[in-house]
Amino acid sequence: MSEKREPSVWQGFKAFLMRGNVVDLAVAVVIGAAFTNIVNSVVKGIINPLVGAIGTQNLDNYSSCLSSSCKGTHGIRLMWGSVLGATLTFLITATVVYFLMVLPMSKYLARQAARKAAREGAKEVVEVSELEVLKEIRDALVAQRGSGHDR
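A short tour of the structure in this document, coming up. These numbers were taken from a predicted model, which means no experiment stands behind them.

About the criteria used
- Residues numbered from 1 in each chain as written.
- Predicted model: local features only at pLDDT ≥ 70, side-chain atom pairs only at ≥ 80, totals over all residues.
- Heavy atoms only, no water.
- Helix = DSSP H or I, 4+ residues; strand = E, 2+ residues; numbered from the N terminus.
- Buried < 20%, exposed > 50% of the residue type's maximum accessible area, 1.4 Å probe, protein only.
- Contact = heavy atoms within 4.5 Å.
- Areas by Shrake-Rupley, 256 points an atom, 1.4 Å probe, with all protein chains shown as cover.
- Patch = residues over 30% accessible without salt bridge, like charges linked within 9 Å, V, L, I, M, F, W, Y side chains within 5 Å.
- Salt bridge = Lys/Arg side-chain N within 4 Å of Asp/Glu carboxyl O.
- Phe/Tyr/Trp six-rings, centres within 6.5 Å; stacked < 30°, edge-to-face > 60°.

1. Quick notes on the overall build of the protein chain
Then, in step 1: When you go through the protein chain residue by residue, the secondary structure sums to three helices and two strands.
Then, in step 2: Shown N-terminal to C-terminal, the secondary structure of the protein chain runs as helices and strands in the order α-α-β-β-α.
Then, in step 3: When burial is assessed residue by residue, the protein chain has 7% of its 151 residues classed as buried.
Then, in step 4: Here the contacts in the protein chain between residues at least 6 apart in sequence split such that 27% fall between residues at least 24 apart.
Then, in step 5: Total accessible area on the protein chain stands at roughly 12800 Å², and carbon and sulfur atoms take up 65% of it.

2. Some points on a nonpolar patch on the surface
Then, in step 1: A cluster of nonpolar side chains, W10, F13, F16, L17 and M18, forms an exposed patch at the surface whose accessible area comes to about 590 Å².
Then, in step 2: Within the fold, F16 resides in helix α1 (residues 9–18).

3. Structural notes on the packing of aromatic side chains
Both the distance between ring centres and the angle between the ring planes are used here to describe each pair of aromatic rings.
Then, in step 1: Across all of its chains, the model carries three aromatic pairs by this definition.
Then, in step 2: Centroid distance W10 to F13: 6.1 Å. Interplanar angle 40°. Geometry classified as tilted. Placement of the pair is W10 and F13 together in helix α1, with a separation of three residues, close to one helical turn.
Then, in step 3: Consider the rings of Y62 and W80, whose centres lie 5.4 Å apart with planes at 35°: the pair is tilted. Residue Y62 is found in the loop between α2 (20–52) and β1 (64–65), and its partner W80 is found in helix α3 (residues 80–149); the two are separated by 18 residues along the sequence.
Then, in step 4: Residue class for W80 comes out partly exposed when judged on its relative accessible area of 41%.

4. Structural notes on the pattern of salt bridges
Then, in step 1: Overall, the coordinates contain one salt bridge when judged by the stated rule.
Then, in step 2: A salt bridge links R138 to D139; its shortest N-O distance comes to 3.1 Å.
Then, in step 3: Overall, D139 belongs to the partly exposed group, its relative accessible area being 43%.

As structure tokens, this is what we get:
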């Protein structure tokens, strides 16, 4: 009897790291971190000053107090300005990712699928026409053989 050896933990880890999707994921994380810095800069440099035209530039200053007084560390303060800032950052990030990455990639993949379908359709038409030609040749040979036996 031959025993099958299970791969060692190190070999399994090495195989995991060598998968293509792990490398792609690492690249995506690095690019995502750099992209986050850009979006944060846009929010702090453009969005916050626009909001500041109405009130204050720092969205963290927008809050509401749930208790009777919110002085210093006393009282319950809802920091809804921070939530608003994070929401704006998320929406800007999602919008840019969708319009600059997801939408163009979807269109590209759709074009590739259409080209592949067109190639397969053309190949199918060629195969059908070859089949028709072969049937015609067969029919002609059968007709010749049939007329030759009558003589």
